[in-house]
Each structure stands twice: as structure tokens, then as C-alpha cells.
Amino acid sequence: MKKSLFGVAIAASLALTATAAFADTLADVKARGHLLCGVSEGTAGFETPDANNEWSGIDVDYCRAIAAAIFNDAKAVRFVTSNSTVRWQQLGSREVDVLARTSTWTMTRDTTLGLTFVAPIYYDGQGFMVHKETGIKSALELGGATLCIEAGTTTELNAADYFAANNLEYNPVTFVTQDEAYKAYEEGRCDAFTTDRSALAGNRLLLAVPDDHVLLPEVISKEPLSSVVRQGDDLWFKIARWVFNAQLEAEELGVSSANVDEMLASENPGVRRLLGVEGDFGTPLGLTKDWAYQVIKLVGNYAEIFDRNVGAGSPIGLERGVNALWKDGGIQYAPPIR
Ligand SMILES: N[C@@H](CCC(=O)N[C@@H](CS)C(=O)NCC(=O)O)C(=O)O
């Protein structure tokens, strides 16, 4: 019995390897004519649909950038939603080509799910929001508190670590969907809501009376919110990675959607390589040599997508912080395009 189960496991793993080895996501996407992008059911600043089901957000713009690189058309994307618990299956079942939805890159996720994390689009950390009337000023005052949490998240695990480390009791109440979790919090079923700080900042603004809620100062974890692809398709992984790198490199070189056409005449060799004026960095990726020009022209550089979705140009108004470029004291850094 043991032996035959072992055999089944080997066969299954060989089948997975074979599928992975022959997977060609780029060919599938090109044949389909659009990208399938996995997003959450709605996280302010990251992915939200409007009344016409037009999606916007920093994750949405990342998927639009991939579509721009492949199709010269940032609109060639369909957005497929999932809650935090089932998000990984969307990739495994090929329902989506890339997942861009506030997913923290952890070692277990990266090494056990048949998936590969690509690049942190936003470096975040977990925080807490409380009802202002409680007068709570620090997470260390949350001993005995009831916390609203989304299931299937790192949030659950970090909260457990934090309260154990500080020798505090707490009562977690987990919900499968974000809507249920916020509703319960708003109705006063929980003393605090805990998740990534960026999501708290954005989603606070969607509560009935945002000023009735405050974010506590503590940041209790590292949450590198990253894009994710299936393991075993190296070319697709590289496309997903270099599209993001190109947006960082464009910011570093001062190339934006507003000036990219003028920049085609730049004498700066870095700009010329980025825009495909000199050399061809597209063909090895299965793309045209102006792939990065299309990304910047149609979607923008990293500063533009950050500002309009979550930064100073958005109602959320988050600072760049660690998400500044390395040359400005942050940790966003693209390897050289050469
Ligand atoms: N970054 C954490 C939390 C992810 C998470 O739950 N994100 C929330 C927003 S912070 C979300 O996507 N909610 C919407 C949904 O589940 O549809 C993780 O990867 O586990």
C-alpha cells in the first residue's frame, strides 16, 4: 500500500514537472489575445473596480504593464477575482497567468505551492486599526482584544507571533472575505482590524465614518507584496520580472509617460537601451524591442503608478518610504538593463 501510494506521488510529481517543462504561458496569452490577471475582490489602491467594472490600482497597473509589453495595449487584460484563501489555486488551475493581489512573499508559499514569487510591487508591514473611541494608542494595549482577520493570510500568523512575543491574550475572529471582516469590525464585533498597513490606510477611507478609526503606529511584520507566477515557466517569469524592472529603471532614468517620446532622442545610453533605440532587449523575452517603451508610454514608470494609486496623487496619500528607489534611500532597485 505504502509503495503504491509512493508510486502515485512520483507519477503526480513527474506529471507536474512535465506540464511545467512544456508550459508556455506567453504563447497561451498571445493566442488568447489578452492577459488573465488574478486580483483580490477589492483592496483600495491595489485593485478596485468602478461602477463600469474598470479596474484600477497599483497591482492592476502592473498587469496592464505586462499587457502593454506583449500587445502594445494596456487594456488587453481580464481581471479575475479571488479571496485570500483560494488565490493560489487560480494559478495552478491556469485560471490566471499572473497573480497581483497584495500577496506576501514567504518561503513556504514560494517553495511548496508550485508557484514562484516575482517581485515586491509594494514593501509593506502589518498594522492595526482601532475604533477611535477606545482611546487605544498602541498595539501593546490590545491585550484581551478581539481582532477581525482575513482567513488564509500571513496576517493570522503574524498576529499569533506578535501577541505571543508580547505575552498578551487576544481573540482572533477570522472571515473568508474582506467584506465580512470589515462589516464585523464596523459593527463593533471586533476591537481592532489587523492586516497590511497599506490596505488599512486605503480601506479606512471606505468605512462609513473614516475619522472614527485610527491606525496604530506599530508595524509588526515584513509584507513584501509581490506578483506571483506558476513555477516552471522561466520565460514567463522573466517577462513578469523585467516588466516591473523596466518601470523602476524608467523612474531612475527620469523617463515617464509624459516625456517618453522626447526621450527617444536622448543621448543617454541607459535611456536608449531601455526604450529599444539601442540594442534589442525584447527578442530574448519573446517581445518586440520597444516593449519597455510601450510599458512606459501606456502605463507609466513606477513613481507614476505609485503616486496615482496609493501615493501623494491618491486619496490614500502613502509616503514612498522603503518603496523609494535605492538612490533615494529606499529598497526598490532594478538590475541594469544592458
Ligand atoms: N499580504 C497578506 C494579506 C493578504 C490579504 O488578505 N489581503 C487583503 C487586503 S489586505 C485582501 O486581498 N482582501 C481582499 C480579498 O480577500 O478579496 C497575505 O498575503 O496573506
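Throughout this description, residue numbers start from 1 for each chain and increase along the sequence as written. Whole-chain, interface and lining totals are the exception, using all residues; otherwise, since this is a predicted model, local features are given only for residues with pLDDT of at least 70 and side-chain atom pairs are given and counted only at 80 or more. With hydrogens and water stripped out, all remaining heavy atoms of the structure feed into the side-chain values.

Quick look at the domain arrangement of the protein now. A common way to report how large an interface is uses the accessible area buried once the components associate. Residue ranges for the domains originate in an automatic or database domain assignment. For the protein, the assigned domains are domain 1 (5-124 + 223-328) and domain 2 (126-215). Any pair of residues with heavy atoms lying within 4.5 Å of one another is described as a contacting pair. Listed per partner, the contact involves 20 residues of domain 1 and 19 residues of domain 2. A buried area of about 1,300 Å², summed over both sides, lies between domain 1 and domain 2, and 50% of it is on carbon and sulfur atoms. When residues of domain 1 are sorted by the area they lose upon contact with domain 2, Ala44, Asp124 and Glu223 head the list and together hold 31% of the total. Any Lys or Arg side-chain nitrogen found within 4 Å of a carboxyl oxygen on Asp or Glu counts as a salt bridge. Summed over the shared surface of domain 1 and domain 2, the number is zero salt bridges. Helical segments are the DSSP runs of H or I of at least four residues, strand segments are the runs of E of at least two, and each set is numbered from the N terminus. Among the elements of the structure, β5 (98-104), β6 (115-124) and β12 (223-230) are those that each provide at least two residues to the side of domain 1 that touches domain 2. The residue inventory of the side of domain 1 that touches domain 2, partitioned by class, reads seven nonpolar, eight polar and five charged. Buried area, as used here, totals the accessible surface that two parts lose on assembly, with accessibility defined by a 1.4 Å probe and the loss added over both. Each residue gets one of three labels, nonpolar for Ala, Val, Leu, Ile, Met, Phe, Trp, Tyr, Cys and Pro, charged for Asp, Glu, Lys and Arg, and polar for the others, Gly among them.

The next subject is the sheet that holds β5. The strand order across the open sheet built from five strands is β4-β1-β5-β12-β6, with neighbouring strands paired in mixed fashion. Single-partner strands in this sheet number two, and they are β4 (77-82) and β6. Geometrically, the sheet is characterised by an average inter-axis angle of 25 degrees between neighbouring strands, direction not taken into account. A strand pair is defined by DSSP finding two or more bridges across the two strands. For β6 and β12, the ladder comprises seven bridges, and the chain directions are antiparallel. Within the sheet, the bridge partner assigned to Thr116 lies in β12 and is Val229. Note on geometry: axes are lines fitted to C-alpha atoms, helical ones only across the stretch in contact, with angles between N-to-C directions running from 0 to 180 degrees. Against the sheet, helix α9 (residues 234-253) touches β1 (35-40), β6 and β12, its axis set at about 15 degrees to β6.

Let us look at the site of the ligand. For each residue, the test is whether any non-hydrogen atom lies within 4 Å of the molecule or strand; if one does, the residue is near. Looking at the ligand, there are 22 residues lining it, with Ser84, Thr104, Glu150, Thr154 and Asp196 nearest. Pairing of N or O atoms within 3.5 Å defines a polar contact, subject to two protein rules: one partner must be a possible hydrogen donor and the other a possible acceptor, and residues neighboring in sequence count only if both atoms are side-chain atoms. A distance of 2.8 Å is found between an oxygen atom of the ligand and a side-chain nitrogen or oxygen belonging to Arg109. A distance of 2.7 Å separates an oxygen atom of the ligand from a polar side-chain atom of Glu150. Here the accessible surface of atoms and residues is derived via Shrake-Rupley with a 1.4 Å probe, and residues count as covered only by protein chains that are part of the display. Look at the ligand: alone it shows 500 Å² of surface, and the protein chains cover 100% of it. Elements that contribute at least two residues to the shell around the ligand include exactly β5, α6 (154-165), β10 (192-196) and β12. When residues of the shell around the ligand are assigned to their parent elements, the largest contribution, four residues, is made by β5. Class assignment for the residues of the shell around the ligand results in two nonpolar, 13 polar and seven charged. Looking at which domains feed residues into the shell around the ligand, each of domain 1 (5-124 + 223-328) and domain 2 (126-215) gives three or more.

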